[in-house]
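Breakdown of the fold
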Amino acid sequence: LGGNRSGKSTGAMAEVIWTALGSHTFREVEVPNKGWICGTDFPYGIGSVLVPKLKSLIPRDAVESIHRNQQGVETVFRLKNGSSIEFKSYDQESEKFESADIDRVYFDEPPSREIYIACMRGLVDRNGTSWFAMTPISEPWIYTDIYLKSFTDKTIECFKMTIYDNPHLSKEGLKAFESTVKGTEYERARLYGEFLALQGRVFKLFDRKTH
């Protein structure tokens, strides 16, 4: 959990690369392995943010080939050790996440519960791992189904970071962003990575697209 610009996606992408290469710093990982990176949409969230971040961190000599989708976005990275990294988009139907056996999945920003469950099914055969990097301003089911369980379930770990933990942000830019969210209902989420106070916790099935 992290505020905007806190560096959470960079840390999560490092986890992707360590796992795909089998060079994890604190746990054993078998290679080759297959994993997904799930983002908000192909044009921006994946094509403009996540793909450039992956390419900036992964060793160039580790990549064997890159496949593009019909939109021209680089979506599948095949590595020389046999591992693969595939990008999936939240604007795809949940059926697109079914019928696949994977070793790992990284959710960048909150997915819908339907997509999450579909991905978890794909991890069953290989006892795979999943992780999130998110500013918790949507999908409140994550608060009850995952976050609260992290206090008693040893298989779930939660890390928090704030926008102030990123030493690379300019003071001027930080102050400008603060001024836009201070006093709003999003202040604690966008600056400190905290869940919105009550939104979505009472009427859990409420969906603005339906109601």
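Up top is the structure.
Predicted, not measured: the structure shown is a model, and the values here were computed from it.

What follows covers helix H5 (residues 171–181). Residues spaced three or four apart along an α-helix face the same direction, because each turn holds 3.6 residues. Looking at H5, one finds that the buried residues are Leu174, Glu178 and Val181. The arc that holds the buried residues of H5, viewed along the axis, is 70°, so those residues lie on one side. Away from its buried face by more than 90 degrees, H5 exposes Glu172, Lys175, Ser179 and Thr180. Where H5 is buried, its residues meet helix H6 (187–192). Looking at the residues trailing H5, positive phi occurs at glycine 183, about 85°.

Phi is mostly negative for residues that are not glycine, and the peptide bonds are mostly trans. The peptide bond linking valine 31 to proline 32 adopts the cis configuration, its omega dihedral lying at 0°. A positive phi angle, close to 50°, is found at asparagine 127, a residue other than glycine. Residue position: asparagine 127 is located in the loop between helix H3 (113–123) and strand S6 (129–133).

On to the pairing of strand S4 (residues 84–89), then. For S4, the tally of buried residues reaches five of six residues, placing the bulk of the element in the interior. In terms of strand pairing, strand S1 (residues 34–39) meets S4 through six bridges, oriented parallel. Bridge assignment links isoleucine 37 to a residue of S4, and that residue is phenylalanine 87. As paired strands, strand S3 (residues 74–79) and S4 are joined by three bridges and run antiparallel to one another. Following the sheet pairing, valine 76 is matched in S4 by glutamate 86. Counting the residues in the hairpin turn of S3 and S4 gives four residues, including glycine 82, whose phi is positive at 95°.

On to the side chain of lysine 8, then. Secondary-structure assignment places lysine 8 in helix H1 (residues 8–21). By relative accessible area, lysine 8 is classed as buried at 11%. With sequence-adjacent residues up to four places away left out, lysine 8 is seen in contact with Gly2, Gly3, Glu109, Ala133, Met134, Thr135 and Met161.

In this section: the packing of aromatic side chains. For the coordinates displayed, the defined rule picks out twelve aromatic pairs. Here tyrosine 164 and tyrosine 192 contribute two aromatic rings whose centre-to-centre distance is 5.6 Å and whose plane-to-plane angle is 45°, an arrangement assigned as tilted. Separated by 28 residues along the polypeptide, tyrosine 164 in the loop between helix H4 (141–147) and H5 and tyrosine 192 in helix H6 bring together distant segments of the chain. Under the relative-accessibility criterion, tyrosine 164 is labelled partly exposed at 34%. Pairwise contacts between aromatic rings join Phe107, Tyr116, Phe132 and Trp141 into one cluster. Taking NZ or CZ as reference, arginine 188 lies 4.1 Å from the ring centre of tyrosine 192, over its face.

This part takes up the pairing of S6. Pairing of strand S5 (residues 104–108) with S6, which is carried by five bridges, proceeds in the parallel orientation. Looking at S6, one finds that phenylalanine 107 is bridged to phenylalanine 132. Where the polypeptide runs from S5 across H3 and back to S6, its parallel neighbour, the crossover connection is right-handed.

With that settled, consider H1. If you check H1, its first and last C-alpha atoms are 20 Å apart, about what 14 residues at 1.5 Å a residue would give, namely 20 Å. Those residues of H1 that sit buried are Lys8, Ser9, Ala12, Met13, Glu15, Val16, Ile17, Thr19 and Ala20. Against S1, helix H2 (42–57), S3, S4, S5 and S6 lie the buried residues of H1.

Rules of the game
Starting afresh in each chain, residues are numbered from 1 along the sequence in its written order. A pLDDT threshold of at least 70 governs which residues receive local features in this predicted model, and a stricter bar of 80 or more applies before side-chain atom pairs are shown or counted, although totals over entire chains, interfaces and linings include all residues. The side-chain figures draw on all heavy atoms in the structure; neither hydrogens nor water molecules are used. Summary of the burial criterion: residues with accessible area below 20% of their type's maximum are buried, those above 50% are exposed, and those between are partly exposed, where the area comes from a 1.4 Å probe applied to protein chains only. Comment: elements are numbered from the N terminus, with helices defined as DSSP H or I runs of at least four residues and strands as E runs of at least two. Directions pointing from the helix axis toward each C-beta atom define the arc. Any two residues whose heavy atoms approach within 4.5 Å are treated as being in contact. In this description, strands pair whenever DSSP reports at least two bridges between them. Only centres within 6.5 Å qualify two rings of Phe, Tyr or Trp (six-membered ring in Trp) as a pair; their planes then separate them into stacked at under 30 degrees, edge-to-face at over 60, and tilted for everything else. The rule is short: NZ of Lys or CZ of Arg within 6 Å of the ring centre and within 35 degrees of the ring normal puts a charge over the ring. By convention, orient the strands away from the viewer: a clockwise path from the first strand over the helix to the second makes the crossover right-handed. One fewer than the residue count of a helix, multiplied by 1.5 Å, yields its expected span.

Read these as geometric descriptors, not functional statements.
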